[in-house]
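As a plain string of letters, each chain reads:
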Amino acid sequence: MITISKKKFKQCFEAKIYSIYAQSIKDATNEQLLNVLCSVIKDVLSKRWVDNKLSSQKEVYYFSVEFLLGRQLKSNILNLDIEESIRPGLEELGIDLDDLIEAEADPALGNGGLGRLAACFLDSMSSLNISGHGYGIRYKYGLFEQKILNGYQVEVPDNWLTQGGYVWETVRPNKAIVVKFEGNVQLIDENGKFKTIHKDYIPVMAMPYDIPIIGYRNSCINTLRLFKSEILSRDFGLVTSNAKNLSGSYEDALMYKYYAEEISQVLYPNDSNYAGILLRLKQEYFFVSAGIQDIIRKYRKNKLNIANLPEKIAIHINDTHPTLCIPELMRILLDEEGLSWDEAWNITKNTVSYTNHTIMTEAMEKWPIGMMKKLLPRIYMIIEEINRRHINDLKANAYDEYKIERMRIISNNEIRMANLSIVGSHSVNGVAKLHTEILKREVLKDFYEDEPEKFNNKTNGIAHRRWLISANQNLSNLITELIGEEWKSDTFKLLDLGKYEQDKDVLEKVGEIKYNNKKKLAKYIKEMQNIDIDPNSIFDVQIKRLHAYKRQLLNALHILNLYHELLENPNFDMVPRTFIFGAKAAPGYYLAKCIIKFINCLADKINNDPRIEGKIKVVFLENYGVSLAELIIPAADVSEQISTTTKEASGTGNMKLMMNGAITLGTLDGANVEIYDQVGKENIIIFGLTASQVLNYNKYGGYSALDLYNSDKKIKRVVDDLINGFIPNMDKEGREIYNALITYNDEYFVLRDIQNYEEAQRKINRLYKNRDEWNRMALMNIANSGMFSSDRTIEEYGKYIWFKGCDINGKYIKL
């Protein structure tokens, strides 16, 4: 544990502000004070961070194109257990710690659940004393900052690095790595062994920036290493005679600079055109190659036998974006280590493991052969050979041609990254029980039948330290008062809250904490959007990436129907309801952006209609991200988890909201199934099509949205409202949504589920009237949320994937 006295902290702080800014505290801005505070904390932990890098454990390297960290100051202070020195020390210096926490920028390094999961996993690895590190990209602008103008989403650059850098990062120029693109590859036979020569390649320097990942009140500090793409400087000493001549004209130099630097500019460049697709492929190889080279360099430095790599190193790829880890590791083992193909393939397969995050085949990446050949010639050659040998193995098993075709890595002039991930890994896991079963029975059935031992489930989890202890301190304090401190390190202890299920005093405290959180959120909404929100209303929350399958549209159509009911019957018996949305749509996803426009136009109409007397309010909070989620989630009464069954792999927002006492309103999709199993049917509200019904519709047809539209007056009314002018200022957008529902037969069964959804919403209205019962349900959700800690998930990854059968020097966790 790190300790620092209040006196010592104040001395360090005052000395640091003079050394960095040469000015006094009273003249400093909050941003400057934040930089000083973070610098002091980094000084305190730096030695332990360095010592941790010398770990003798087997090491895990987690590759992800996203790491949605959120603000780190509050989390780091919690994990280091130094608030009792820092807060009063700052107060004596005339500084409010909370002001500095608010001054920190959210790192723009992710988009949604994939990136937030990766951040939670790093947190848990450190807190469980696992030597586990992340590799990703240091995006200059991240995804985008969302603005809502006249109801439309407008994307502007997220200038999160405007202060000259990120306060928690440390740049490592001496660890920079060269990544090679394009050029020509020759294989030369030297005494029966092939030697690879890569000529005329374009070198891009991967500059590493390290962020400490601090374990909860232990001695472990791991590293998230993010690479920034830069031109290769002449004095760097790494340019070889085989690199392309880049010393031509001024225009050539500018083109090279743009070529290199665009790689780490933005997360998920628009892939609706060739240039965007090419840039995505560049990004994926860039951070994969840099990371794999970095791992092997450290491994060589320790003078370890390369044949023992799987015993010392675990490489995990988070979805298909880092799939090129497989051929890149093969490239190094073949071309630099001089191993035979069989030796290299055995090491690679036993080192790499893969998490699948989707059953939607269109979301599983595929790359054009021509693009891969030109951009990554040696990598393509290796993938081609992997595919050839893979097909020979399948033929040896006497599989029919149709099955072999489905299992090919290269087919129809495309490289299927999911297939490559499966073939080149020793473990393939889904992220919820239902998701994994669908992978095995449907999407990846052929691969499961071929190698069933590879497939396993690891249900996602969340970092409870951030999402409960830090984000909802009053609730955390109440839990500790009731059951002690042990739950903070072992969330299964939350089950002990169950004994207070009928304790009215405890239930009142749970309700009071929720009410105060709602007042805090209502204040924020008033300040940001000038909308008056009643904290006594039901806060009905849907916060997640905007996609048609997540069905924000279903929610909005229900709100529209509820609005009609109030207009027709002003005495309609309902608890006032505040519907809160937070979501970003991908810049090229027109339908999703139309749904955002619809929600905002609907909000404008409803919020300004005096006839309904404020019984409904609709709020769309712009630029949803981690820090905003930390404000919304503790205030939520209802957790909308209403994706089309079979489409959501897991979800983690459902877990965060549950852990903070929100009641799940959801389909039996993703991890909702396991939430249902944990809390029981009396503490969750389930509706909608089952997985088998959806799969049968998809296989055999039989669903007609038009028939529903023509036979149900309520459905017809709300769908017609999209195009009849009832909701102003959305003629084009309304027509696009109408077409998605009627013309193209409602791909995600919004109209099929709407009646059942409205029945579930009426049940919420009835339940909320009995506040003791509602608070009891909230408490039981909190009590049963322990299994959804990412600590549990990481323990399972460790025991069954990363450290299976390996000696890790007795330093691993309690399983």
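Conventions we followed
Residues numbered from 1 in each chain as written. Predicted model: local features only at pLDDT ≥ 70, side-chain atom pairs only at ≥ 80, totals over all residues. Heavy atoms only, no water. Axes fitted to C-alpha atoms, helices over the stretch in contact; angles between N-to-C directions. Helix = DSSP H or I, 4+ residues; strand = E, 2+ residues; numbered from the N terminus. Parallel < 35°, antiparallel > 145°, perpendicular 65-115°, else oblique. Contact = heavy atoms within 4.5 Å. Nonpolar A, V, L, I, M, F, W, Y, C, P; charged D, E, K, R; others polar. Phe/Tyr/Trp six-rings, centres within 6.5 Å; stacked < 30°, edge-to-face > 60°. Buried < 20%, exposed > 50% of the residue type's maximum accessible area, 1.4 Å probe, protein only. Lys NZ or Arg CZ within 6 Å of the ring centre and 35° of its normal. Pairing = 2+ DSSP bridges. pLDDT = per-residue confidence, 0-100. Expected span 1.5 Å × (residues − 1). Bend = angle between axes of the 7 residues up to and from the residue. Left-handed = near helix turned anticlockwise from the far one by under 90°. Salt bridge = Lys/Arg side-chain N within 4 Å of Asp/Glu carboxyl O.

Before going further, it helps to examine the packing of helix α10 (residues 325–336) against helix α13 (residues 377–396). Between α10 and α13, whose axes approach to 9 Å, the crossing angle comes to 100 degrees. Looking at the two axes, α10 sits roughly perpendicular to α13. Along its contact with α10, which presents Ile326, Pro327, Glu328, Met330, Arg331, Leu334 and Asp335, the element α13 presents Arg378, Ile379, Ile382, Ile383 and Ile386. Of the residues contributing to the contact of α10 with α13, the split by class is eight nonpolar, no polar and four charged.

Here we come to the packing of aromatic side chains. Aromatic ring pairs are reported here in terms of the distance separating the ring centres and the angle at which the planes meet. Applying the stated criterion across every chain yields a total of 19 aromatic pairs. With centroids separated by 5.8 Å and ring planes inclined at 50 degrees, the aromatic side chains of Phe9 and Phe13 adopt a geometry described as tilted. Highlighted residues: Phe9 and Phe13, both in helix α1 (residues 6–21), separated by four residues, approximately one helical turn. Judged by relative accessible area, which is 1%, Phe9 ranks as buried. Classification of Phe13 by relative accessible area gives buried; the value is 0%. Centroid distance Tyr61 to Tyr135: 5.6 Å. Interplanar angle 20 degrees. Geometry classified as stacked. Linking Tyr61 in strand β1 (residues 59–63) with Tyr135 in strand β2 (residues 132–137), this pair joins segments that are 74 residues apart in sequence. Classification of Tyr61 by relative accessible area gives buried; the value is 2%. Taken together, the ring pairs in this structure connect Tyr61, Phe63, Tyr135, Phe227 and Phe287 into an aromatic cluster. Here the guanidinium or amino end of Arg172 rests over the ring plane of Trp49, the centre of that ring lying 5.3 Å away.

To continue, consider the sheet that holds strand β22 (residues 663–666). Spatially, β20-β19-β18-β21-β22-β23 is the arrangement adopted by the six strands of the open sheet, whose pairing is parallel. Looking at the sheet topology across the chains shown, the edges are occupied by β20 (616–620) and β23 (685–686). Where strand β18 (residues 538–543) and strand β19 (residues 577–582) come together, six bridges link them in parallel fashion. The partner of Phe539 across the bridge, within β19, is Thr578. Sheet contacts for helix α20 (residues 504–529): β18, β19 and β20; angle to β20, the most-contacted strand, approximately 70 degrees.

Before going further, it helps to spend a moment on the sheet that holds strand β15 (residues 414–416). Taken together, the three strands give an open sheet; going across it, the order is β13-β15-β14, and neighbouring strands pair in antiparallel fashion. Sheet topology places β13 (366–368) and β14 (410–411) at the edges, where each strand pairs with a single neighbour.

A positive phi angle, near 65 degrees, is found at Ala398, a position not held by glycine. By the element assignment, Ala398 lies in the loop between α13 and α14 (401–407).

Parts of the model with low pLDDT should not have their predicted coordinates read in detail. When pLDDT is averaged along the protein chain, the result is 94, and 97% of the positions lie at 70 or above. Overall, residues 807–815 carries pLDDT values under 50, and its contacts beyond four positions in sequence, including any with other chains, amount to 22 contacts.

On to the pairing of strand β3 (residues 145–149), then. Of the two faces of β3, only the one carrying Gln146 and Ile148 is buried; Glu145, Lys147 and Leu149 on the other face are not. Pairing of β3 with strand β4 (residues 152–156) involves five bridges; the strand directions are antiparallel. Of the residues in β4, the one forming a bridge with Leu149 is Tyr152. The hairpin turn running from β3 into β4, its antiparallel successor, is two residues long, and Asn150 in that turn takes a positive phi close to 55 degrees.

The next point concerns the environment of Ile130. Note that Ile130 resides in the loop between α6 (113–127) and β2. Assessed through its relative accessible area of 0%, Ile130 is described here as buried.

We now examine the pairing of strand β21 (residues 638–641). Neither face of β21 is exposed, since Val638 and Glu640 on one face and Ser639 and Gln641 on the opposite face are all buried. Alignment of β18 against β21, held across two bridges, turns out to be parallel. Bridge pairing in β21 links Asp540 to Val638. In the sheet, β21 pairs with β22 via four bridges, with the strands oriented parallel. Among the inter-strand pairings, Ser639 is bridged to a residue of β22, identified as Thr664.

In this fold, Val719 is placed in helix α28 (residues 713–720). Sequence-wise, Val719 and Asp791 are 72 residues apart; in three dimensions their C-alpha atoms are separated by 45 Å. Leaving out residues up to four positions away in the same chain, Val719 has contacts with Tyr709, Tyr738, Leu741, Ile742 and Leu751.

It is worth spelling out helix α30 (residues 750–769) at this point. In this model α30 runs 28 Å from its N-terminal to its C-terminal C-alpha over 20 residues, within 8% of the 28 Å that 1.5 Å per residue would give. Bending of α30 peaks at approximately 30 degrees at the position of Asn756. Within the span of α30, buried status applies to Val750, Leu751, Asp753, Ile754, Tyr757, Glu758, Ala760, Gln761, Ile764, Asn765, Leu767 and Tyr768.

Bringing the packing of helix α2 (residues 30–52) against helix α3 (residues 73–80) into the picture now. In contact at an axis separation of 12 Å, α2 and α3 are set at 40 degrees when each is read in the N-to-C sense. With respect to each other, α2 and α3 are oriented oblique. Judged by the twist between their axes, the crossing of α2 over α3 is left-handed. The segment α2 lies against α3, with Leu34, Leu37, Cys38, Ile41, Leu45 and Arg48 engaging Leu73, Ile77 and Leu80. For the contact of α2 with α3, the residue count by class is eight nonpolar, no polar and one charged.

Going through the model one piece at a time under the given rule, you end up with 60 salt bridges. Across the salt bridge formed by Lys440 and Glu437, the nearest N and O atoms sit 3.1 Å from each other. You can see Lys440 and its partner Glu437 sitting in helix α16 (residues 433–443), three residues apart, about one turn around the helix. When its relative accessible area of 16% is taken as the criterion, Lys440 is described as buried. Classification of Glu437 as partly exposed rests on a relative accessible area of 33%. Ionic contacts of the salt-bridge type, sharing partners, join the residues Arg172, Asp210, Arg225, Asp294, Arg297 and Lys298 into one network.

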